[in-house]
Amino acid sequence: MTDLTELTVAAIRTGVASGDFTAREVAEGFNANVAGAQNALNAFIVTTPDKALAAADAVDADRAAGKVLGKLAGVPIGMKDLFATHGVQTTAASHILEGFKPQYESTVSQKLWDAGAGMLGKLNLDQFAMGSSNETSYFGNVISPWRRNDGGNAALAPGGSSGGSSAAIAARLCPAATGTDTGGSIRQPAAFTGISGIKPTYGRCSRWGIVAFASSLDQAGPMARDVRDCAIMLEAMAGFDPKDATSLDLPVPAWEAGLSADLAGKTVGIPREYRMDGIDADVARSWEDGIAWLKDAGAQVVDISLPHTKYALPCYYIIAPAEASSNLARYDGVRYGLRDLPDGAGLQDMYAATRAAGFGAEVKRRILIGTYVLSAGFYDAYYTQAQKVRTLISHDFKNAFTECDVILAPTAPTAAFALGEKSGDPLEMYLNDVFSVPASLAGLPAMSVPAGLNREGLPLGLQIIGRPFDEQGVLNAGLAIEQRAGFVAKPDIWWK
Amino acid sequence: MSVDKATVAKIASLARIKVSDAELEAIAPELNQILAWVEQLGEVDVTGIEPMTAVIPNTLRLRDDVVDADPLTGGGRGDAVLANAPAAEHGFFGVPKVIE
Amino acid sequence: MTNYRIQGATGEWEVVIGLEVHAQVTSNAKLFSGAATAFGAEPNSQVSLVDAAMPGMLPVPNRECIRQAVRTGMAIDAQINKWSRFDRKNYFYADLPQGYQISQLYHPLVGEGRLDIILDDKDPENTKTIGIERIHVEQDAGKLMHDQHPTMSYVDLNRSGVALMEIVSRPDMRSPAEAGAYLRKLRAILRYVGSCDGNMEEGSMRADVNVSVRKPGEPFGTRTETKNVNSVRFVMAVVEGEARRQVDLIEDGGKVVQETRLYDPDRNETRSMRSKEDAHDYRYFPDPDLLPLVLEDDFLADCRASLPELPDAKRHRYETALGLSAYNAGVLTAEVETARWFEALLEESAARQGKPEGEVAKQAANWLMSELFGALNRLGKSLETSPVSPAQAAELLALVGDGTISGTIAKQVFEKMLETGDGAGAIVEREGLKQTSDTGAIDAAIAKILADNADKVEQYRGGKEALFGFFVGQTMKAMAGKANPQLVNELLKKALG
């Protein structure tokens, strides 16, 4: 019998629907993998095997009763612990929310359950999604299932912030997972672990019930092993939500049905500003491969310019912390979560003690930066200036898209780095988002697909950025690369 | 612009995060490094450029004035609201006594 | 009134006043959530997950709240900004679950407007224009209770997220009376428009009072802001007390500090509110959960079309079209309930009497202002709880109008109506109060009175014409008030020759 945990979402869906195996068998298989890897990889903050089985049993019963099955019937998935799940601890990987059990379900997770998916557990992440390596989680960092081919056993970062999601998918602990992307938090971990992930256009997926980091940037999206699975997941996750004022009131396209790797008539732009000095040679080579593959798929390739690229990161590191400093003010020890009440403390002391004890160092750092840039006398110089530069970055893309249909670039400047390698220097860590942040600032759909391995045997990702609402164009270019890259590498299972 | 320890202490107080003197010592140079880096934005000519207001051109949608139309955004669920409270008594949230 | 001065040791001082009025917008649901807004509910029973600022909750604005604020802006002749935004005002307090209040600093919904206050009720033409800088829409905070537990304060979030309009005046007022007149006028307009119930006892309307003093003609002094003053009387008291305090302070060599103060009605004094002093860096920035609010022309047209006739216009119409005195028109239009009651009475009266409104208006106005107000005062009731409806009152007035009863009898009938709740016609019928035009009966009564008062008849005929009233009174008395007064006059004149 096939190892069900090697199957894609599409294959599981088809197999369950046709009765080749039951949803329960699938859930049991993944539950076992989750349990077997938990100590070594720490991909989950809590596991919910019973939820996975219950959802599977419901699907099996529906099938037996001849009912129409959902788009994700029988597919167990991982849920990033940034999505509120009813009655299941939701922490954003922060001590300040430890023990918090929402009395509500996020819109996106509810849509997934409604489509027949089941929950294997809540996936670890960088605390409040702030980080690129998963090292800021209060619940310990996730270990990437990947290792370098140098014989050493250096623990590598699975990327961040959706590092639990990326590690779990790469390690076959789940066939797909949710992620969220504020400045690259879906794409960079996908690239680091040899999987696919797409951040849709800002507003496609409801933010209702997702712990907020930076409201004008946060977008949920799927992470999975291949492009088709991303399309299937995204169809289930997206859609208008009247509870989110920034939600796009547009029908959800049939992305899976629209998949086509034929790029004849399409133009791919290569942004010259992304060719930075000292770019990693392997990354540069995989980018060249990507160009060749897209030409092979029929696309025309043109040079384009995104002149304000170098300002994207500093712009992001003003806007995101500013929004975060305000979004995270609600964690005050009054209504939920941690309360640290020193003897004789007044209300304001309680706030300061609770937040000091509850937030990790990186979260505090960003809150302080955000507080500073919004404070009296500095607001215009920092925040207003950053929002103007953001307008320019958005214009850059708009201009570029008059010459091309999608943009191809590396996802990250390097392959996965070792845990601890960058955590001593916040700025160096921030620079890892250099290729992913611009699309976030412009709210554009962007995805990462595996492009090959570097000399160390680690995965590299290629990023495709599309026009607003053109997830289909992004997915199709991703599919063209996927078909030509022939990426089949997977990590050795060293943790069992 | 560079921030000194006193400024960091003031920001931390505004943000209601208690920081020890030793932490201030460590945080101040980190913030300075980051702020010095983001300040390169100042060199961008933004003459005539409006600050971004909506990343995807869109305007605010308004809701109908209906009470409890959706239980997820309606009231009448005191239990759910208080379920996670560190201190809840008689239907209220409890906080250390405030002198106004 | 405009020359209100504070006498100080160094001479006369002028007080400068600006008011920031927080008015609760009349709506079923809150500004950004679907929880109810009703007053006096069980603690935390009208709180949504959004109002409690649970992780991942998002605001979606209520159209009605925006509509009401726009209508209010139109009623004060203000600029309506078709493009506005919501901003976050960041500070920490236990009544503020999000850690920020969603408000509008940079781009408010309503810009510059104005309203006219009347400086003297007896002289309604004497008005002063008070500038209004802006109206913005924002969330109310929750409520803290400090006396329920020895070491804890209790938090009730029922009010958290209720929509408020903050109506910010220019510093155009110069006396407690002007501040009072402004607040009353504003309240009247809000109630006419229906955008706020104006109920100050329940906190639906409260004012932050900005006061400074200066020597006349000099630049503005440093102001203090006294928060959450909840009656017209208290606002006037705050202005008076705070101006006095500032003058005394300055004359003693001190300096007024810009600060937030709290009014204690029991002691009639204000004190510094140090607990708020710490948090003056609010770090306003546009709320990234909300997009720009763009108003369509159709929406604005609907708002305008739905505005009622406002007090100033109504007063003017009462004077010109109905021929009422300026004073009566002012009183009848000062409160929307009075105007509504009056207009209902007018309509019914005109219909019953088959006359144009203009011909019954004075009768209706006089009766309402003297008879009805007097009775309601006596009974401790208001127009809303009046035991007599406009239709019933119109029936009474029609009986006077067509000569069925006299004005004197009408008073008696009205008393009976208040006692029994019966209709005027039924009472007149039952009690036999119908005015008589039976000339024979009246002549008989006159003949007897003239005979009994031969001396007075002599005097009258001798030129003391003032005695005519005496004969009328005696005749009416003899007829138990039911004689048609006009007929009595005619017949008496004839008999007295």
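Residues numbered from 1 in each chain as written. Chains lettered and ligands numbered in written order. Predicted model: local features only at pLDDT ≥ 70, side-chain atom pairs only at ≥ 80, totals over all residues. Heavy atoms only, no water.

### Remarks on the confidence of the model for chain B
All names here are of chain B. Definition in use: Every residue carries a pLDDT, the predictor's confidence in it, which falls somewhere between 0 and 100. Only DSSP runs of H or I reaching four residues or more are called helices, and only runs of E reaching two or more are called strands; each is numbered from the N terminus.
Model confidence for chain B is summarised by a mean pLDDT of 93, while 98% of its residues fall at 70 or above. Confidence, expressed as mean pLDDT per element, reaches its minimum in chain B at helix α2 (residues 21-38) with 93 and its maximum at strand β2 (residues 92-96) with 96. Model confidence for the complex is summarised by a pTM of 0.92, with the ipTM given as 0.97.

### Notes on helix α3 (residues 232-251) of chain C
All names here are of chain C. Where we set the bar: Every helix has an expected span of 1.5 Å times one less than the residues it contains. Think of it in three bands: with a 1.4 Å probe and only protein chains considered, a residue is buried below 20% of the maximum accessible area for its type, exposed above 50%, and partly exposed in between.
If you check α3, its first and last C-alpha atoms are 29 Å apart, about what 20 residues at 1.5 Å a residue would give, namely 28 Å. All buried positions along α3 are accounted for by V232, F234, V235, A237, V238, V239, E242, A243, Q246 and V247. With its phi angle positive at about 90°, G253 sits one or two positions after the end of α3.

### A short note on the interface of chain A and chain B
Selection rule: In this description, contact between two residues means that some pair of their heavy atoms is separated by no more than 4.5 Å. Buried area is calculated as the accessible area (1.4 Å probe) missing from two parts once they are joined, with the contributions of both summed. Each reported salt bridge corresponds to a side-chain nitrogen of Lys or Arg within 4 Å of a carboxyl oxygen of Asp or Glu. Distance and chemistry together define a polar contact, namely a pair of N or O atoms within 3.5 Å, with one atom able to donate a hydrogen and the other to accept it when in protein, and with adjacent residues in sequence counting only for side-chain atoms on both sides. Residues are grouped as follows: Ala, Val, Leu, Ile, Met, Phe, Trp, Tyr, Cys and Pro are nonpolar; Asp, Glu, Lys and Arg are charged; all remaining types, including Gly, are polar.
Chain A puts 75 residues into the contact, and the matching count from chain B is 51 residues. Taken over both partners, the interface formed by chain A and chain B buries close to 5200 Å², and the fraction arising from carbon and sulfur atoms is 71%. By the criterion of area lost to chain B, the three top residues of chain A are L368, Y372 and L427 of chain A, representing 13% of everything that side buries. Counting the contacts that link chain A with chain B gives two salt bridges. Our count for the contact surface shared by chain A and chain B stands at 20 residue pairs in polar contact (both at pLDDT 80 or more). Counting only elements with at least two residues in the side of chain A that touches chain B, the list comes to α9 (312-327), α10 (347-358), α11 (361-374), α12 (379-400) and α13 (426-431) of chain A. With eleven residues, α12 of chain A is the largest single contributor of residues to the side of chain A that touches chain B. Split by residue class, the side of chain A that touches chain B holds 44 nonpolar, 18 polar and 13 charged.

### Comments concerning the sheet that holds β2 of chain B
The pairing of strands in a sheet comes from backbone hydrogen bonds and takes either a parallel or an antiparallel form. Going by this rule: A pair of strands is labelled paired if DSSP reports no fewer than 2 bridges between them.
In spatial order, the strands read β1(B)-β2(B)-β9(C)-β8(C); together these four strands make up an open sheet with antiparallel pairing. Every interior strand has two partners, whereas the edge strands, β1 (88-89) of chain B together with β8 (143-145) of chain C, have only one. Two elements, β8 of chain C and strand β9 (residues 152-156) of chain C, share three bridges in a ladder whose sense is antiparallel. By the bridge assignment, L144 of chain C is partnered in β9 of chain C with V155 of chain C.

### Quick word on the packing of aromatic side chains
Selection criterion: Between 30 and 60 degrees the pair is tilted, below 30 it is stacked and above 60 it is edge-to-face, where a pair is any two Phe, Tyr or Trp rings, Trp via its six-membered ring, whose centres lie within 6.5 Å. By definition, being over a ring means that NZ of Lys or CZ of Arg is both within 6 Å of the ring centre and within 35 degrees of the ring normal.
Within the structure shown, the criterion is met by 32 aromatic pairs over all chains. A centroid spacing of 6.3 Å and a plane angle of 50° characterise the contact between F378 of chain A and Y382 of chain A, whose relative ring orientation is tilted. Accessibility expressed as a relative area gives 21% for F378 of chain A, which makes it partly exposed. An angle of 10° between the planes, with centres 5.1 Å apart, marks the rings of F92 of chain B and Y154 of chain C as stacked. Taken together, the residues F92 of chain B in strand β2 and Y154 of chain C in strand β9 connect one chain to another. According to the relative accessible area criterion, F92 of chain B is buried, its value standing at 9%. Overall, the relative accessible area of 1% leaves Y154 of chain C in the buried class. Three or more aromatic residues link up through ring pairs in this structure, and these residues are F100, F128, Y331, Y336 and F359 of chain A. We note R147 of chain A situated over the ring of W494 of chain A; from NZ or CZ to the ring centre the distance is 3.8 Å. One residue, R275 of chain A, lies across the ring of W287 of chain A, its end atom 4.7 Å from the ring centre.

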